[in-house]
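Per-entry structural report
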Amino acid sequence: MFSVWFLGILTVVSVFLALKLKKKRLLLTPVLGVGALIFIEIVKVPMPFWDTVTFIFDLRG
């Protein structure tokens, strides 16, 4: 739950700063934060990393 609040606050702050400072690079911050969160959640699974990624993508088929 903390990560959802953190990403929400991070998104609001980065959008505000991107509009105020007119720097589009700041809009990448929430995207990278979500990517980092997904990576951390995959690493927390007690299986080898590549097996976990393969399992996740096999669920679509």
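Right, let's walk through the structure included here.

Rules used throughout
- Residues numbered from 1 in each chain as written.
- Predicted model: local features only at pLDDT ≥ 70, side-chain atom pairs only at ≥ 80, totals over all residues.
- Heavy atoms only, no water.
- Axes fitted to C-alpha atoms, helices over the stretch in contact; angles between N-to-C directions.
- Helix = DSSP H or I, 4+ residues; strand = E, 2+ residues; numbered from the N terminus.
- Parallel < 35°, antiparallel > 145°, perpendicular 65-115°, else oblique.
- Left-handed = near helix turned anticlockwise from the far one by under 90°.
- Contact = heavy atoms within 4.5 Å.
- Patch = residues over 30% accessible without salt bridge, like charges linked within 9 Å, V, L, I, M, F, W, Y side chains within 5 Å.
- Areas by Shrake-Rupley, 256 points an atom, 1.4 Å probe, with all protein chains shown as cover.
- Salt bridge = Lys/Arg side-chain N within 4 Å of Asp/Glu carboxyl O.
- Buried < 20%, exposed > 50% of the residue type's maximum accessible area, 1.4 Å probe, protein only.

1. Details of the packing of helix H1 (residues 2-21) against helix H2 (residues 28-43)
Each packed pair of helices is defined by two parameters, the angle between the axes and the distance between the axes. Relative to each other, H1 and H2 sit at 165°, their axes nearing to 9 Å. Here H2 runs roughly antiparallel to H1, going by the angle between their axes. Considering the relative orientation of H1 and H2, their crossing is right-handed. Counted together, Ser 3, Leu 7, Leu 10, Thr 11 and Ser 14 of H1 and Thr 29, Pro 30, Gly 33, Val 34 and Leu 37 of H2 form the full contact between these two elements.

2. A closer look at a nonpolar patch on the surface
Together, Val 45, Met 47, Phe 55, Ile 56, Phe 57 and Leu 59 make up an exposed nonpolar region whose accessible area comes to about 570 Å². Residue position: Leu 59 is located in the segment after helix H3 (49-58). Residue class for Leu 59 comes out exposed when judged on its relative accessible area of 59%.

Everything listed here is a matter of coordinates, which is why it stays silent on function.
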